[in-house]
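Chain residues, written in single-letter form:
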Amino acid sequence: MRVIDSHTAGEPTRVVIEGGPDLGTGSLAERARRLEAEHMDFCASVVLEPRGHEAIIGALLVPPVDPACVTGVIYFNNLQNLGMCGHATIGLAVTLAHMGTIEPGRHKFETPVGVVEVDLLDANTVSVVNIEAYRLHKDVTVEVAGHGPVTGDVAWGGNWFFLVKDCPLDLVPENIRPLTDLTLRIRKALEEAGVTGVDNAWIDHIELFGPPKDPAAQSRNFVLCPGEAYDRSPCGTGCSAKLACLAADGALAPGEEWVQESVIGSTYRIGYRPGVSGGVIPTITGQAFVTSEATLIFDPADPYRFGIRG
Ligand code: PYC
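First things first, this report covers the structure right here in the doc. These numbers come from a predicted model, not from an experiment.

Of the regular secondary structure elements, the protein chain holds 5 helices and 16 strands. In terms of overall size, the protein chain behaves like a compact globule, its C-alpha atoms giving a radius of gyration of 18 Å where 310 residues would be expected to give roughly 19 Å. A buried classification covers 56% of the 310 residues belonging to the protein chain. Nonlocal contacts in the protein chain, meaning residues at least 24 apart in sequence, comprise 63% of its contacts between residues at least 6 apart.

Our next topic: the nonpolar core. Counting 61 residues, the largest nonpolar core has Tyr75, Phe162, Ile186, Leu208 and Phe222 as its most contacted members. One finds Leu23, Leu35, Met40 and Leu48 within the second-largest nonpolar core, a separate group that totals 20 residues.

Another point: the site of the ligand. With respect to spatial proximity, the complete set of residues near the ligand consists of Glu11, Cys85, Gly86, His87, His205, Cys225, Asp231, Cys235, Gly236 and Thr237. Backbone polar atom of histidine 87 to an oxygen atom of the ligand: 2.8 Å apart, as the coordinates give it. At 2.8 Å, a side-chain N or O of aspartate 231 approaches a nitrogen atom of the ligand. Across the complex, the protein chains shield 100% of the 240 Å² of accessible surface that the ligand would expose by itself.

So, about the pairing of strand β3 (residues 57–62). Where a strand is regular, its side chains alternate between the two sheet faces. The buried count for β3 comes to 5 of 6 residues, which makes it a mostly enclosed element. As paired elements, strand β2 (residues 11–18) and β3 share 4 bridges and run parallel to each other. Its bridge partner lying in β3, arginine 14 is registered against glycine 58. Inspection of the sheet shows β3 paired to strand β4 (residues 71–76) by 5 bridges, in the antiparallel sense. Counterpart to alanine 59 in the pairing with β4 is tyrosine 75.

Scanning all chains against the criterion turns up 4 aromatic pairs. Ring plane angle 90° and centroid distance 6.0 Å describe the contact between tyrosine 134 and tryptophan 160, whose orientation is recorded as edge-to-face. Taken together, the residues span a long stretch of sequence, with tyrosine 134 in strand β9 (residues 134–144) and tryptophan 160 in strand β11 (residues 160–164) at a distance of 26 residues. A relative accessible area of 29% means that tyrosine 134 is categorised as partly exposed. Taken together, the ring pairs in this structure connect Tyr134, Trp156 and Trp160 into an aromatic cluster. The lysine or arginine in question, lysine 242, covers the ring of phenylalanine 209, its NZ or CZ lying 3.9 Å from the ring centre.

This paragraph deals with the side chain of arginine 31. Relative to the assigned elements, arginine 31 resides in helix α1 (residues 28–38). Within the buried set, arginine 31 has no salt-bridge partner at all; the shortest N-O distance to an opposite charge, 5.6 Å, is to glutamate 110. Not counting chain neighbours up to four residues away, the residues in contact with arginine 31 comprise Leu23, Gly24, Thr25, Gly26, Val62, Pro63, Pro64, Val65 and Ile74.

Along the polypeptide, valine 164 turns up in strand β11. Spatially, the C-alpha atom of valine 164 lies 6.8 Å from that of aspartate 153, the residues being 11 residues apart in sequence. Once residues lying within four places of it in the same chain are set aside, the contact partners of valine 164 are Val150, Thr151, Gly152, Ile186, Glu207, Leu208 and Phe209.

For the structure shown, the criterion picks out 14 salt bridges. Of the charged contacts, one joins arginine 106 and aspartate 119 as a salt bridge, the two residues approaching to 3.5 Å between their closest N and O atoms. Of this pair, arginine 106 sits in strand β6 (residues 105–111) while aspartate 119 is found in strand β7 (residues 114–120), placing the two residues 13 residues apart along the sequence. Measuring nitrogen to oxygen at the nearest pair gives 3.0 Å for the salt bridge that ties aspartate 249 to arginine 135. Taken together, the positions of aspartate 249 in the loop between α5 (236–248) and β14 (258–261) and arginine 135 in strand β9 put the pair 114 residues apart, joining distant regions of the chain. Given a relative accessible area of 33%, aspartate 249 falls into the partly exposed group. Among the residues examined, arginine 135 registers a relative accessible area of 18% and is labelled buried. When salt bridges that share partners are traced, they join Arg135, Lys138, Asp153, Lys165 and Asp249 into one network.

Conventions adopted
Residues numbered from 1 in each chain as written. Predicted model: local features only at pLDDT ≥ 70, side-chain atom pairs only at ≥ 80, totals over all residues. Heavy atoms only, no water. Helix = DSSP H or I, 4+ residues; strand = E, 2+ residues; numbered from the N terminus. Rg over C-alpha atoms; globule rule 2.2 N^0.38 Å. Buried < 20%, exposed > 50% of the residue type's maximum accessible area, 1.4 Å probe, protein only. Contact = heavy atoms within 4.5 Å. Core = buried A, V, L, I, M, F, W, Y, C linked by side-chain atoms within 4.5 Å. Near = heavy atom within 4 Å. Polar contact = N/O pair within 3.5 Å; in protein donor to acceptor, adjacent residues only side chain to side chain. Areas by Shrake-Rupley, 256 points an atom, 1.4 Å probe, with all protein chains shown as cover. Pairing = 2+ DSSP bridges. Phe/Tyr/Trp six-rings, centres within 6.5 Å; stacked < 30°, edge-to-face > 60°. Lys NZ or Arg CZ within 6 Å of the ring centre and 35° of its normal. Lys, Arg positive; Asp, Glu negative; His and termini not counted. Salt bridge = Lys/Arg side-chain N within 4 Å of Asp/Glu carboxyl O.

So this is what it looks like as structure tokens:
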């Protein structure tokens with residue numbers, strides 16, 4: 001299997017360019033469900049140790065349904081497929097440019113949650129126009145074990161998020177362990193309280209906000225991804241959910257720029273235009289860099305060929 005690795009604002013992406021499973025035909029959403037139901041060994045073997053680690057997001061290239069799209073893509077981690085993934089979309093655009101498949105300019109990628117547009121600005125800089133993001137609930141309070149009440153908003157940005165405005169901990173790399181513990185507890189509290197997205201969807205991403213370190217930024221975040229990994233980047237779909245909340249609160253006007261910092265200090269420039277269903281169409285601009293091209297080997301005698309699972 002051939003893969004190309006990159007990182008976007010520190011967050012890794014592994015694009016499978018050859019040797020992935022055949023998911024047959026149908027919509028991207030149907031093929032993503034098939035990937036999750038029938039090929040989790042493949043997903044875990046690509047992203048987990050000993051070939052990877054829990055923070056890697058895989059991107060499986062598949063033929064698009066919409067002929068206007070350069071490619072279809074299904075993002076996945078070791079547990080599930082992701083509807084959309086902002087950092088991996090930036091990483092994919094830079095990877096396709098590295099392969100000579102796309103040139104600077106506007107392109108479309110088809111994902112399980114809809115078509116997204118990417119503007120390849122130079123070899124490393126990409127703007128992603130995401131699907132429509134919206135806030136579902138404002139000010140939901142849950143009782144978090146060992147901590148007390150925590151209030152946040154539930155919003156959709158291509159994945160489901162619970163967004164907490166004032167993080168009680170400083171958002172710095174030294175606090176990644178306690179930030180991870182706190183967000184895992186918040187996610188459990190949401191599950192226990194029955195707080196979900198639309199159609200009982202699991203709120204799998206938890207996002208904490210605090211003041212930025214860089215004076216050019218407006219905010220800093222920490223994002224827990226499905227599983228126990230945190231996002232090294234400011235999280236593209238998390239920024240989309242944030243923009244939906246800012247717009248709903250009247251805190252950011254259409255076309256205005258917001259700089260979102262991640263817990264490691266990397267940044268995205270973000271903004272929105274109004275959506276057609278009352279939400280926002282986010283634009284996320286960031287940089288990715290290719291880090292390796294590799295052939296993954298699956299030796300049938302290797303007891304860990306399907307990844308080391310916790
Ligand atoms: O950038 O949307 C994102 C993302 C989701 C999970 C990790 N990164």
